Amino acid sequence: MKNTLLVETLKLLAAEDLDEFMLFLKSEFNNRSKLRVEILRLFGYLQPLYPHFDTTMTHKEVLYRIAFPNTPVYAGKIEKLIGELYKLLKDFLLWKYYQSQEGEFNRTLDWVKVMRTLKDSVNYEASLTQVEKTFFEKKAQSPTLYFQKFLLEYERYEWMSQINRGRDDLNINKALTSLYTFYEIYKLEFLNQLYLQQKITQFDVSEIIVNYIDTDVESGIDKNTIVIAGISGKICKLLKKEQPTQADFEYLMDDLRKQEQLIDPATLKSYFAHLRNICTILMNGGHNELQTVQFHLYKDNLSRGYLYFEGKLHITSLINITRVAIVSGEVDWALDCVESHKDKLFGDVDTHEYYLVNKANCLFEKKEFELALDYLPNSSANIVYHLIARRLELMCYYEINSELLFSKMEAFKVYIWRVSEKLLSDIVRDSNKNFINLLIQLVSIPKNDLKKRERLEKRILEKKLVAETRWLLEKARG
């Protein structure tokens, strides 16, 4: 039973959630199953096994004897019982979410809908007014806010259609306006994510989206009133550009900081994330003067909590912080940051390998090459981390003059040319191709051949996309 949805879901809960779930199951209102007693018996056995749920103790035969003691074994009976318990678990978790702060708007709006179904016009109007005051008066802007505004206006349209007296527009004007506004805002949100993702990997985009991307993304929303539409639009234009300028970036950063107080914290976090990503794109294009700006952006956003989700840091954020800090000469700060987030990462089932790569990166900068090799994992499911680890491995082998360098270079070259051809974006693939080509040239040049080293340095500088440019230049210059 180790891999059943029931057990895997129970593992995700906190211990106190299981106590509440038991109370939920004991209620005859919630648990009306004909197998109510057996369900209580089964969960009463499983609860003390939290959080590991040893497979030897959760085998179906064992569970059958617990749930149906002293009864003959019937095929499929325990599966049915497990299915019913899992359904009740889903009902419990949905109820719990509904009662949470995140579910507050839906809960409040649903109460308005109940008043509509009861045709209680007095309480309906009062409840609708209360929703407007609670959720929309003097609220910071976010895409969610405008989606909720549309839901509210649509609900008012539903009510007015039900009592149509032929004297007004049934709230169609407001409903359509809010629909258009939320659509335009979400459209920009999706496009920004799409442009960013395309700079990392390759994937198919539907024809309708391709046609849309080729058109202007400008909308008719009043950006002075809805500031998030203006900022999202500027981000979209920058991400769409092949060569955004430093001036564009600084203008966007200045505009965002001026509007901070009007924007919801979660939305603000996403905007600063785009700001950091655009800064990275500019640096990859040769704007090395932004390194310090990028480091201070990360440091500022980290201290203000913009990089965290439920108290944890994403694996992509950690590698970006580490590399920017290293380039800015803050290696010890980077190492402290990696260590302090060792057990505070998210973004994959097992995050330990991401800690290892970042630790190895810091150790490499401290010239502890062999120790860095000890930390590097053999592979990573994350393509970006895998490439970083493999490049770092090659650089370590070069530094210690290892005999393994040549075979590792060949393996990396094969991977970039063949295996990753369909996985990587053009930018990522080209930067890694240029890296391995230049490394092969570097290895072939005698250390005392200054002319060849000067020519190699020139080739490195001429390339627009090269992974590990800083290190290659350092080695070429001797």
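Residues numbered from 1 in each chain as written. Predicted model: local features only at pLDDT ≥ 70, side-chain atom pairs only at ≥ 80, totals over all residues. Heavy atoms only, no water.

S.K.: Help me out: how do you make sense of the state of the cysteines in this one?
M.R.: Linking two cysteines covalently through their sulfur atoms gives a disulfide. Applying the stated criterion across every chain yields a total of 0 disulfides. Cys279 supplies the cysteine sulfur nearest to Cys236, a cysteine that is in no disulfide, at a spacing of 19 Å. Cys279 carries a free sulfur, and the closest cysteine sulfur to it, the one in Cys337, is 17 Å from it. (Disulfide = S-S within 2.5 Å.)

S.K.: I tried to follow the nonpolar core on my own but got confused; where do I start?
M.R.: One broad trend across soluble globular proteins is that nonpolar side chains are buried collectively. Among the nonpolar cores identified, the biggest contains 60 residues, and Phe364, Leu394, Phe435, Leu439, Trp471 and Leu472 are the most heavily contacted of them. Looking at this core, the element that brings in the most residues is helix H19 (residues 383-399), giving 10 residues. Among residues more than four places away in sequence, those in contact with Leu439 are Leu394, Tyr398, Met409, Trp471 and Leu472. Counting 50 residues, the second-largest nonpolar core is a separate cluster that includes Tyr124, Leu128, Phe249 and Leu256. (Core = buried A, V, L, I, M, F, W, Y, C linked by side-chain atoms within 4.5 Å. Buried < 20%, exposed > 50% of the residue type's maximum accessible area, 1.4 Å probe, protein only. Helix = DSSP H or I, 4+ residues; strand = E, 2+ residues; numbered from the N terminus. Contact = heavy atoms within 4.5 Å.)

S.K.: Would you mind showing me how to read the layout of surface pockets here?
M.R.: Over the atoms rolls a probe the size of a water molecule, and its path tells where empty space is left. Estimates place the volume of the second largest pocket at around 310 Å³. In terms of lining residues, the second largest pocket is bounded by 15 residues, among which Tyr398, Asn401, Val443, Lys447 and Arg453 are the most central. Only H19, helix H20 (405-419), helix H21 (426-444) and helix H23 (469-476) provide two or more residues apiece to the lining of the second largest pocket. The dominant element in the lining of the second largest pocket, judged by the number of residues it contributes, is H19, at 3 residues. Partitioned by chemical class, the residues of the lining of the second largest pocket number 7 nonpolar, 3 polar and 5 charged. (1 Å grid on protein atoms, 1.4 Å probe; cavity = no way out; pocket = protein on both sides within 12 Å on 5 of 7 lines; lining within 4 Å. Points joined across faces, edges and corners; volume = space filled by probe spheres on them. Nonpolar A, V, L, I, M, F, W, Y, C, P; charged D, E, K, R; others polar.)

S.K.: Can you walk me through the packing of aromatic side chains in this structure?
M.R.: To describe a pair of aromatic rings, you give the distance between the ring centres and the angle between the ring planes. A complete count under the given rule lists 22 aromatic pairs for this structure. Ring geometry for Phe147 and Phe182: centres 5.1 Å apart, planes at 55 degrees, overall tilted. With Phe147 in helix H8 (residues 143-162) and Phe182 in helix H9 (residues 172-198), the pair connects residues that are 35 residues apart, well separated along the chain. Looking at Phe147, the relative accessible area reads 31%, which means it is partly exposed. Considering the side-chain rings of Phe272 and Tyr306, the 5.3 Å spacing of their centres and the 20 degrees angle between planes classify their relative orientation as stacked. In this pair, Phe272 sits in helix H13 (residues 265-284) while Tyr306 sits in the loop between helix H14 (291-303) and strand S1 (308-309), placing the two residues 34 residues apart along the sequence. Take Phe272 and Tyr306: they sit in the same class, and that class is buried. Feature note: the residues Phe147, Phe150, Tyr154, Tyr157, Phe182 and Tyr186 constitute an aromatic cluster, connected by ring pairs. The ring of Phe29 carries Arg32 above its face, with NZ or CZ at 4.6 Å from the centroid. (Phe/Tyr/Trp six-rings, centres within 6.5 Å; stacked < 30°, edge-to-face > 60°. Lys NZ or Arg CZ within 6 Å of the ring centre and 35° of its normal.)

S.K.: It is not clear to me how the pattern of salt bridges should be interpreted in this structure. Could you clarify?
M.R.: It is possible for side chains of opposite charge to pair when their charged atoms get near one another. The tally for this structure, following the rule as stated, stands at 26 salt bridges. With a closest N to O distance of 2.7 Å, Glu20 and Lys96 form a salt bridge. You can see Glu20 sitting in helix H2 (residues 15-26) and its partner Lys96 sitting in helix H5 (residues 77-99), a full 76 residues away along the chain. Classification of Glu20 as partly exposed rests on a relative accessible area of 34%. (Salt bridge = Lys/Arg side-chain N within 4 Å of Asp/Glu carboxyl O.)

S.K.: I keep staring at H21 and nothing clicks. Help me out?
M.R.: For an α-helix the count is 3.6 residues per turn, leaving residues at separations of three or four pointing the same way. Over its 19 residues, H21 runs 27 Å from end to end, which matches the ideal 27 Å to within 8%, given 1.5 Å per residue. Among the residues of H21, Val428, Arg429, Ser431, Asn432, Lys433, Asn434, Phe435, Ile436, Leu438, Leu439 and Leu442 are the ones counted as buried. Buried residues belonging to H21 abut H19, H20, helix H22 (450-462) and H23. (Expected span 1.5 Å × (residues − 1).)

S.K.: Looking at this structure, how should I read the environment of Asn211?
M.R.: The topology assignment puts Asn211 in helix H10 (residues 207-213). Taking the relative accessible area as the measure of exposure, Asn211 reaches 43% and is therefore partly exposed. In this structure, the C-alpha to C-alpha distance between Asn211 and Phe68, residues 143 residues apart in sequence, is 61 Å.

S.K.: Mind showing me how you'd approach a positive patch on the surface here?
M.R.: Residues Lys451, Lys452, Arg455 and Arg459 make up a contiguous surface patch of positive charge. Tracing the chain through its elements places Lys451 in helix H22. (Patch = residues over 30% accessible without salt bridge, like charges linked within 9 Å, V, L, I, M, F, W, Y side chains within 5 Å. Areas by Shrake-Rupley, 256 points an atom, 1.4 Å probe, with all protein chains shown as cover. Lys, Arg positive; Asp, Glu negative; His and termini not counted. Charge placed at Lys NZ, Arg CZ, Asp CG, Glu CD.)

S.K.: How do you make sense of the sheet that holds strand S3 (residues 345-346) when you look at a structure like this?
M.R.: Strand pairing in a sheet takes place through backbone hydrogen bonds and is either antiparallel or parallel in direction. Pairing is mixed in the open sheet, where 3 strands are placed in the order S1-S2-S3. The open sheet has two edge strands with one neighbour each: S1 and S3. Inspection of the sheet shows strand S2 (residues 312-314) paired to S3 by 2 bridges, in the parallel sense. The residue bridging His314 from the neighbouring strand is Phe346, located in S3. In the packing of helix H15 (residues 315-327) onto the sheet, the strands contacted are S2 and S3, and the crossing angle to S2 comes to about 75 degrees. (Pairing = 2+ DSSP bridges. Axes fitted to C-alpha atoms, helices over the stretch in contact; angles between N-to-C directions.)

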